[in-house]
Number of protein chains: 2
Amino acid sequence: MCNRKKSQKVVQLAFQEARSLKLVDFSKKQRQRGRESDTVLMEESKGVVKHVLLAKFKGEIPSDEIEKLIKGYANLVNLIEPMKAFEWGTDVSIENMHQGFTHIFESTFESTEGIAEYISHPAHVDFGGLFLPALEKVVVFDYKPTVFRL
Amino acid sequence: MCNRKKSQKVVQLAFQEARSLKLVDFSKKQRQRGRESDTVLMEESKGVVKHVLLAKFKGEIPSDEIEKLIKGYANLVNLIEPMKAFEWGTDVSIENMHQGFTHIFESTFESTEGIAEYISHPAHVDFGGLFLPALEKVVVFDYKPTVFRL
């Protein structure tokens with residue numbers, strides 16, 4: 001897919017995300033659709049699969065090295081077509097239930113097939129060879145988001 | 001905040017999400033802004049904090065009980081003002097790095113203060129008293145997403 005098409009796809013995905021978030025809509029109109037207002041309805045997002053990686057970097061990995069790895073991870077969006085979006089962050093939780101994990105990375109794909117293509121892509125394999133040895137622990141979890149709506 | 005205002009806020013958040021996803025934009029226009037095309041720039045989302053919970057339910061918890069707990073979790077969006085959106089899913093990964101976790105729950109807040117308010121809210125405390133004992137293991141991770149852009 002050319003970059004222009006990929007860009008259009010990303011915008012489509014963004015609006016899909018926006019639409020699905022709007023499902024949490026408390027408007028009278030929605031309630032009038034014959035639903036009880038206290039009924040919890042949820043529906044699976046169409047065609048979006050999220051790939052979540054929780055990481056704890058080894059203590060000896062210097063912060064500039066961590067930064068380089070994060071940029072390398074983000075750069076996979078440029079190199080692997082089915083990877084549509086990427087975000088990351090460090091833990092700011094106050095409940096002390098983060099089990100030592102320091103970083104989270106969340107990428108978005110259109111399908112589980114897209115994730116399979118990503119996993120076997122040479123750019124991902126090369127990056128994994130640098131990234132995984134820097135981690136003390138890691139969890140990888142893929143899911144098709146089911147969004148809550150009233 | 002009344003439901004109408006909350007609804008507007010959710011829509012705003014959705015568009016904020018859409019805008020931030022659009023930052024992963026491969027258009028010529030963006031590259032012409034004097035950035036090298038292989039430069040990785042990332043920026044922290046303004047005012048969004050994600051609250052991610054990875055769970056492994058105990059083997060003896062029946063599936064209808066799990067379903068009830070998931071609905072109870074989703075229903076917190078109705079009860080706790082700073083909780084703006086909720087989605088969940090089960091693991092569909094093929095890498096076998098999910099470390100036994102079976103479910104993920106992701107909620108969206110506007111601030112870390114919002115999460116603090118959520119944590120101490122009676123509805124959350126009550127729900128936690130039912131939910132946590134059903135889990136064999138759990139990770140809770142809060143982060144301010146930094147979104148990748150070219």
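Residues numbered from 1 in each chain as written. Chains lettered and ligands numbered in written order. Predicted model: local features only at pLDDT ≥ 70, side-chain atom pairs only at ≥ 80, totals over all residues. Heavy atoms only, no water.

Caption draft 1: Structural context of the UniProt feature "domain: Stress-response A/B barrel" (unreviewed entry) in chain A. The UniProt feature table records "domain: Stress-response A/B barrel" (unreviewed entry) at residues 49-143 of chain A. Secondary structure across residues 49-143 of chain A comprises 38% helix and 35% strand; the distance between its end C-alpha atoms is 6 Å. (UniProt positions renumbered as here; feature names shortened; annotations may be inferred. Helix = DSSP H or I, 4+ residues; strand = E, 2+ residues; numbered from the N terminus.)

Caption draft 2: Broad picture of the side chain of A:Asp91. You can see A:Asp91 is positioned in the loop between β3 (83-90) and β4 (103-109). Of the polar contacts made by the side chain of A:Asp91, one reaches the side chain of A:Ser93; its length is 2.9 Å. Residues within four places of A:Asp91 in sequence aside, it is in contact with A:His98, A:Phe101, A:Thr102, B:Val140, B:Phe141 and B:Asp142. (Polar contact = N/O pair within 3.5 Å; in protein donor to acceptor, adjacent residues only side chain to side chain. Contact = heavy atoms within 4.5 Å.)

Caption draft 3: Broad picture of the packing of helix α3 (residues 63-79) of chain A against helix α5 (residues 122-131) of chain A. Residues and elements named next belong to chain A. Following both chains from N to C, one finds α3 and α5 inclined at 175 degrees, their axes separated by 10 Å at the closest point. Relative to α5, the element α3 lies roughly antiparallel. Within the contact between the two elements, α3 uses Leu69, Gly72, Tyr73, Leu76 and Leu79 and α5 uses Ala123, His124, Phe127, Leu130 and Phe131. In the contact of α3 with α5, the residues fall into eight nonpolar, two polar and no charged. (Axes fitted to C-alpha atoms, helices over the stretch in contact; angles between N-to-C directions. Parallel < 35°, antiparallel > 145°, perpendicular 65-115°, else oblique. Nonpolar A, V, L, I, M, F, W, Y, C, P; charged D, E, K, R; others polar.)

Caption draft 4: Broad picture of α3(A). Look at α3(A): 25 Å from first C-alpha to last across 17 residues, which is about the 24 Å you get at 1.5 Å a residue. Among the residues making up α3(A), those that are buried are A:Ile66, A:Leu69, A:Ile70, A:Tyr73, A:Ala74, A:Leu76 and A:Val77. (Expected span 1.5 Å × (residues − 1). Buried < 20%, exposed > 50% of the residue type's maximum accessible area, 1.4 Å probe, protein only.)

Caption draft 5: Region of the structure containing the side chain of A:Ser107. Relative to the helices and strands, A:Ser107 resides in strand β4. With sequence-adjacent residues up to four places away left out, A:Ser107 is seen in contact with A:Val49, A:Lys50, A:His51, A:Tyr73, A:Met83, A:Ala85 and A:Phe86.

Caption draft 6: Structural context of the pattern of salt bridges. Enumeration over the complete set of coordinates arrives at 14 salt bridges over all chains. Taking the shortest distance from any N to any O, the salt bridge between A:Lys84 and A:Glu110 comes out at 3.9 Å. A residue pair is termed long-range when its members are at least 10 positions apart, and A:Lys84 in strand β3 and A:Glu110 in the loop between β4 and α4 (112-120) qualify at 26 residues. The class of A:Glu110 is partly exposed, set by a relative accessible area of 30%. B:Glu81 is the partner of B:Lys84 in a salt bridge, and the nearest nitrogen-oxygen pair spans 2.7 Å. On the accessibility criterion, B:Glu81 (26% relative accessible area) is partly exposed. Several salt bridges converge on common partners, so that one network encompasses A:Lys50, A:Glu106 and B:Glu87. (Salt bridge = Lys/Arg side-chain N within 4 Å of Asp/Glu carboxyl O.)

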